Amino acid sequence: MTTEENRIATRDSYGATLVELGKQYEELVVMDADLAGATKTGIFRDVFPDRHIDCGIAECNMMGIAAGLAASGKIPFASTFAMFAAGRAFEQIRNSVGYPHLNVKIGATHAGISVGEDGATHQCNEDIALMRTIPGMTVINPSDDTEARAAVKAAFLYNGPVYLRFGRLPVPVFNDPDTYEFKIGKGVVLREGKDVTLIATGLEVYETLLAAEKLKENGISAKVINIHTIKPLDKILIAEAAGETGKVVTVEEHSVIGGLGDAVCSALSELCPTPVLKIGVEDTFGESGPALELLKKYGLDSDSIYNKVKVFLEL
Amino acid sequence: MNERYLREMAKEVRKDILRAVHSAKSGHPGGSLSAADLFTYLYFAEMNIDPKNPADMERDRFVLSKGHTAPGLYAVLAEKGYFPKEDLLTLRHAGSYLQGHPDMKHTPGIDMSTGSLGQGISAAVGMALAAKLSQKAYRVYTLVGDGELQEGQVWEAAMFAAHRKLDNLVVIVDNNNLQIDGTVEEVNSPYSIDEKFRAFGFHVITIDGHDFTQISDAFCEARKTQNVPAVIIARTVKGKGVSFMENQVGWHGKAPDGSQLEQALVEIQDSGYGKGGTSE
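Here the structure is a predicted model, which means the values were calculated and not measured.

Parameters and conventions
- Residues numbered from 1 in each chain as written.
- Chains lettered and ligands numbered in written order.
- Predicted model: local features only at pLDDT ≥ 70, side-chain atom pairs only at ≥ 80, totals over all residues.
- Buried ≥ 20, exposed ≤ 12 C-beta atoms within 10 Å, placed from the backbone.
- Helix = DSSP H or I, 4+ residues; strand = E, 2+ residues; numbered from the N terminus.
- Pairing = 2+ DSSP bridges.
- Expected span 1.5 Å × (residues − 1).
- Axes fitted to C-alpha atoms, helices over the stretch in contact; angles between N-to-C directions.
- Parallel < 35°, antiparallel > 145°, perpendicular 65-115°, else oblique.
- Contact = placed C-beta atoms within 7 Å.
- Nonpolar A, V, L, I, M, F, W, Y, C, P; charged D, E, K, R; others polar.

## Concerning the pairing of strand 1 (residues 61-64) of chain B
Residue and element names in this part refer to chain B.
(1) Moving on: Because side chains alternate across strand 1, one face comprises the buried residues R61 and V63, and the other comprises F62 and L64, equally buried.
(2) Moving on: Two elements, strand 1 and strand 2 (residues 140-145), share four bridges in a ladder whose sense is parallel. Counterpart to L64 in the pairing with strand 2 is L143.

## Here we look at helix 1 (residues 10-24) of chain A
(1) Moving on: With 15 residues, helix 1 of chain A should reach 21 Å at 1.5 Å per residue; the first-to-last C-alpha distance of 21 Å fits that figure.
(2) Moving on: Taken residue by residue, helix 1 of chain A has T10, R11, S13, Y14, G15, T17, L18 and G22 of chain A as its buried positions.

## Describing the packing of helix 1 (residues 3-24) of chain B against helix 10 (residues 258-270) of chain B
All names here are of chain B.
(1) Moving on: Where helix 1 meets helix 10, the closest approach of the two axes is 9 Å, and the angle between their N-to-C directions is 175°. The angle between the axes of helix 1 and helix 10 places the two elements in the roughly antiparallel class. Where helix 1 abuts helix 10, its residues K11, R14, K15, L18 and H22 lie against L261, A264, L265, I268 and Q269.
(2) Moving on: Taken together, the residues of the contact of helix 1 with helix 10 break down into five nonpolar, two polar and three charged.

## Regarding the environment of A242 of chain A
All names here are of chain A.
(1) Moving on: One can find A242 in helix 10 (residues 235-245).
(2) Moving on: A242 sits in the buried class, given 24 other C-beta atoms within 10 Å.
(3) Moving on: Separated by 131 residues in the primary sequence, A242 and A111 place their C-alpha atoms 28 Å from one another.
(4) Moving on: Once you skip the residues sitting within four places of it in the chain, A242 turns out to touch T197, V248, L268, C272 and T274.

So, in structure tokens, the structure goes:
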């Protein structure tokens, strides 16, 4: 299924794809808030120094400048950690970008608990919830390098605000770059199954695939769907899968409040009422520690997913 | 500059503001009136704009960072011909494109949606930066309130504008000295405004914001300023032109009733220059 050795953090995919797009499109500009090394926009800065705008440690102002650039024909990618984009600058994104529906792309790196050692102040588990409440905002959470690269390109070509969520932790590349097709708002069925549908997003997609494999070994047939676009949500695909399997589990590296799980529950309550187990960060803050240890501790690794799904199906 | 013409136009703008706010039964007359002469000068003497081509990429831009004084901006846009004057009476009505705060998606001539204080100036900085990146000659103007200076984002934007040498940017401070909860120095003093902007690297110009000669000189000076952004600190009177509104904090966000409107319109018509008034 994959090469365990080939691990790439989606923030690297982000930086690399910006360079690729920058060569082709003069109107693309990249913004950062003193984190160019970490967000990987530094890769773009090295190639296009004149089109890399470091705003310093002032994320709210950066979002406003991005709005002004977009209103003047530029296509800015405003980059910082998810915490300081969706969190600190929420209202600037809402009022200066979302309300006028300006063509601003927000590249939010270091999302979720897998930030690791920096701890709770930097682990944003609320960004999907915040961003999906903004009317007209597209919210994309890619699962690996292949998908992240495709998502950045799709976001660039789409006219309107997009929130892109990237991680710090290198994760396995399991989508085949030669055949993978990305479409905003279209979920991807990765595995067929009849007993339960596992719907995952971001780095949890790979963990969920591993869990599904283990479930199979124990006689449970799980369908797996990758939802890279949380808004607009592929409601039809989700409702059909829920109808086929009768039970649904959502898996995300994000709070169980307001993220993928709630988006899926909202869609299913309307289209196909189904019991749903939401796996994610419970109603708690994170802590410092190595990313992989934290994912295990907070119940987001494949073993934890496997165990939780088994208990859920026994109910 | 044709001062007589501007004075007459500013009267019309003030009357438009009051009729619109009266029709809406809500809105912000005080700060619209304090900035009325500035709005008038910008749209009738300063900016390179064409109402027939409001999306022209080469046009000068204006961002009303103190977005609650939209009635003042709508008045000059209507007088300039961006949309019919009679539509001003739909201000704040359900279904109207004249929202309580400026909405660039639906109102011709509005360059940026604003209303949440501190945000417009950042967008204006972004527009000025875009001009520099594209080697375009257009200029960008933004009007901020003196109370708005309490927002930290204003200073984030100011620091960046000077750092990037945005000499195509003019920040105008409507220094009417009043905010909702009292005078600005009572609430949380932004003074000394000129020293703060100077420390942030701006070329600072201080004027009487109701004197067209001073306004004109200030914008000329800003135009000549190179390598640094300019700020025009305009000392103004909140509610200017209506005796019972002048310097009254209570008229920040309140609409006049019918008789108050009548009196206000008469006072404005009879004031200063114009028919029967003093000559230049």
